[in-house]
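An overview of the molecular structure
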Protein chains: 2
Amino acid sequence: MKIAILGGTGNEGFGLGFRWAAVGHEIVIGSRLNEKGAAAAARMRELVPEGNIEGTDNLSATEAAELVVLSVPYEAQAATLETVLPALDGKLLVTVVAPTGEKKSRVRLLPSGLSAAEEAQKQLGDVTRVVAAFQNIGAHHLLDPDHPMDCDVLVCGDKGVDKKIAIQLCQDAGMRGINSGALQNARAVEGMTSVLVAINIIHKVKSAGIRISGL
Amino acid sequence: MKIAILGGTGNEGFGLGFRWAAVGHEIVIGSRLNEKGAAAAARMRELVPEGNIEGTDNLSATEAAELVVLSVPYEAQAATLETVLPALDGKLLVTVVAPTGEKKSRVRLLPSGLSAAEEAQKQLGDVTRVVAAFQNIGAHHLLDPDHPMDCDVLVCGDKGVDKKIAIQLCQDAGMRGINSGALQNARAVEGMTSVLVAINIIHKVKSAGIRISGL
């Protein structure tokens, strides 16, 4: 699949792209600036020489791809989506965005009362569907393909068929994706990112993660 | 320790009380009605004949105990706390309350924008401290002491010393309690209850739980 990663120069987007490139997906790294996207792609090609990897600006990346991953800080979410809106129509958007507050270890609720994923869905309208995934994974070990990711990915969305695609992407990145219900449930899942930051700080670890038991 | 369980006639409160009684804690089951509390205590004594177990109304239970566990439906939280307010002063309140919406599989945000635990803290003022714990555990296996609980308990509160006590109570009930940061973080943890309900329904299981990896 040809996957655009908006904000693919950041740690999490880059790490996911790296893992997807290594299993054969075509990756287009998007950035605000064409040059930055291209530079990140060059870096990724060094890590995955056999990979099919390009880099460009966010809009061109979106135009080129079948599926779009949103991996920007929450503060840049609305503006980034605005930029790529014309090219998104009908494509699936997988958002990894998790808003954190000034204190990253404290759950932040958005003034809208919605999750960032629901805000994205609202902005995009009905034509583009949004799935939330990868909110709670640490970028830490993504670049080490031999490191087993000791966490599950909670996948929230309103259509089962979209979540199936996202769950396949989890598997392709070496993680178990779990259908976790409606997009609305991203409100809790996004918040868990701050809970995990708190656990990391309190317990002096670097990559606390969530596992779902009982399945 | 002498523990009052307000709403101890319900499945989760009763199950926790049963496990605590079995390891030697004194249990006072509270209910709206004295008779119901007494009847639940009689039931628990049959299960733990050596246990020190009483049952009464919520106010008397609170008066008698050193530590108070709040285990009522969210809808009854404020009224229950109002009833026991005079007897709570200075005691630690461990709340297991997790608000769920009409659709239990969808995360419910309260109109206040706070967690139920923060609302309780607000209502009680500074004298009584609130810790949130046990939001995400299923009552399912609590009554089978030989059944290992395959989940962790996320413990949120603003004072480490209070969370230490709650974490000990997790251990006494056969679970690992994890200091998960400020009481504010209960906003995400309470929401995860609905996410787990969704996972149970979608995956046709009965007791999906959360484990924290990487510790």
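Preceding this paragraph is the structure being described.
Throughout this description, residue numbers start from 1 for each chain and increase along the sequence as written. The order in which chains are written sets their letters, starting at A; the order in which ligands are written sets their numbers, starting at 1. Selection of residues for local features in this predicted model requires a pLDDT of at least 70, selection of side-chain atom pairs for listing and counting requires 80 or more, and totals for whole chains, interfaces and linings are taken over all residues.

1. Re the pairing of strand S2 (residues 26–31) of chain A
All names here are of chain A. Buried means a residue has 20 or more other C-beta atoms within 10 Å of its own C-beta, exposed means 12 or fewer, and partly exposed covers the counts in between; C-beta atoms are placed from the backbone. Numbering of helices and strands starts at the N terminus; helices are DSSP runs of H or I of at least 4 residues and strands are runs of E of at least 2. Among the six residues in S2, five count as buried, and that is most of the element. Summarising the sheet, strand S1 (residues 2–6) and S2 pair through five bridges and their orientation is parallel. When the sheet's bridge partners are listed, Ile3 is paired in S2 with Ile27. The parallel pair S1 and S2 is bridged by helix H1 (residues 11–22), and the resulting crossover is right-handed. Each pair of strands is called paired provided DSSP finds at least two bridges between the two strands. In this structure, S2 lies alongside strand S3 (residues 52–57), joined through six bridges in parallel fashion. Seen with its strands pointing away from the viewer, a crossover is right-handed when the path leading from the first strand over the helix to the second is clockwise.

2. With respect to helix H7 (residues 186–203) of chain B
Residue and element names in this part refer to chain B. Over its 18 residues, H7 runs 25 Å from end to end, which matches the ideal 26 Å to within 8%, given 1.5 Å per residue. In terms of burial, H7 is largely enclosed, as 15 of its 18 residues are buried. A positive phi of about 55 degrees marks Lys204, the residue just after H7. For a helix, the expected span equals 1.5 Å multiplied by the residue count minus one.

3. Describing the sheet that holds strand S2 (residues 26–31) of chain B
Residues and elements named next belong to chain B. A sheet is described by the order of its strands in space; here eight strands give the open sequence S3-S2-S1-S4-S5-S6-S7-S8, paired in mixed fashion. Of all strands in the sheet, those with a lone pairing partner are strand S3 (52–57) and strand S8 (176–179), marking the two edges. Across the sheet, the mean angle from the axis of one strand to that of its neighbour is 25 degrees, orientation sign disregarded. A residue pair is marked as a contact if its C-beta atoms, positioned from the backbone, fall within 7 Å. A fitted line through C-alpha atoms serves as each axis, taken over the contacting stretch for helices, and the angle formed by two N-to-C directions is quoted from 0 to 180°. Sitting on the sheet, helix H4 (residues 74–88) is in contact with strand S1 (2–6), strand S4 (67–70) and strand S5 (92–95), with an inclination near 175 degrees to S4.

4. Some words on the relation of the copies chain B and chain A
Both copies of the chain are placed relative to one another by a rotation about an axis and a shift along it. Superposing the copies works by least squares over the C-alpha atoms of residues that have pLDDT at least 70 in both of them. By a simple turn and slide, chain B fits onto chain A: the slide is 0.0 Å along the axis, the RMSD is 0.0 Å, and the turn is 180 degrees. Such values leave the two copies arranged in the relation of a two-fold axis.

5. A short note on the sheet that holds S1 of chain A
Working definition: the strands of a sheet are paired by backbone hydrogen bonds and lie parallel or antiparallel to each other. All names here are of chain A. Taken together, eight strands build an open sheet; the order of strands is S3-S2-S1-S4-S5-S6-S7-S8 and the sheet is mixed. Among the strands making up the open sheet, the edge pair consists of S3 and strand S8 (176–179). Across the sheet, the mean angle from the axis of one strand to that of its neighbour is 25 degrees, orientation sign disregarded. Relative to S3, helix H2 (residues 34–47) is tilted by about 165 degrees, and along the sheet it contacts S2 and S3. Most of the contacts of helix H6 (residues 160–172) go to strand S7 (residues 152–157), to which it runs at about 160 degrees, and overall it touches strand S5 (92–95), strand S6 (129–132), S7 and S8.

6. Here we look at the interface of chain B and chain A
Of the residues lining the interface, 36 residues belong to chain B; the matching set on chain A comes to 36 residues. Ranked by residue count, the leading element in the side of chain B that touches chain A is H7 of chain B, at eleven residues. Polar here means any residue other than Ala, Val, Leu, Ile, Met, Phe, Trp, Tyr, Cys and Pro, which are nonpolar, and Asp, Glu, Lys and Arg, which are charged; Gly is therefore polar. Looking at the side of chain B that touches chain A, its residues break down into 18 nonpolar, 14 polar and four charged. Here strand S9 (residues 209–213) of chain A pairs with strand S9 (residues 209–213) of chain B via five bridges, running antiparallel. Paired with Gly209 of chain A across the two strands is Ser213 of chain B, which belongs to S9 of chain B.

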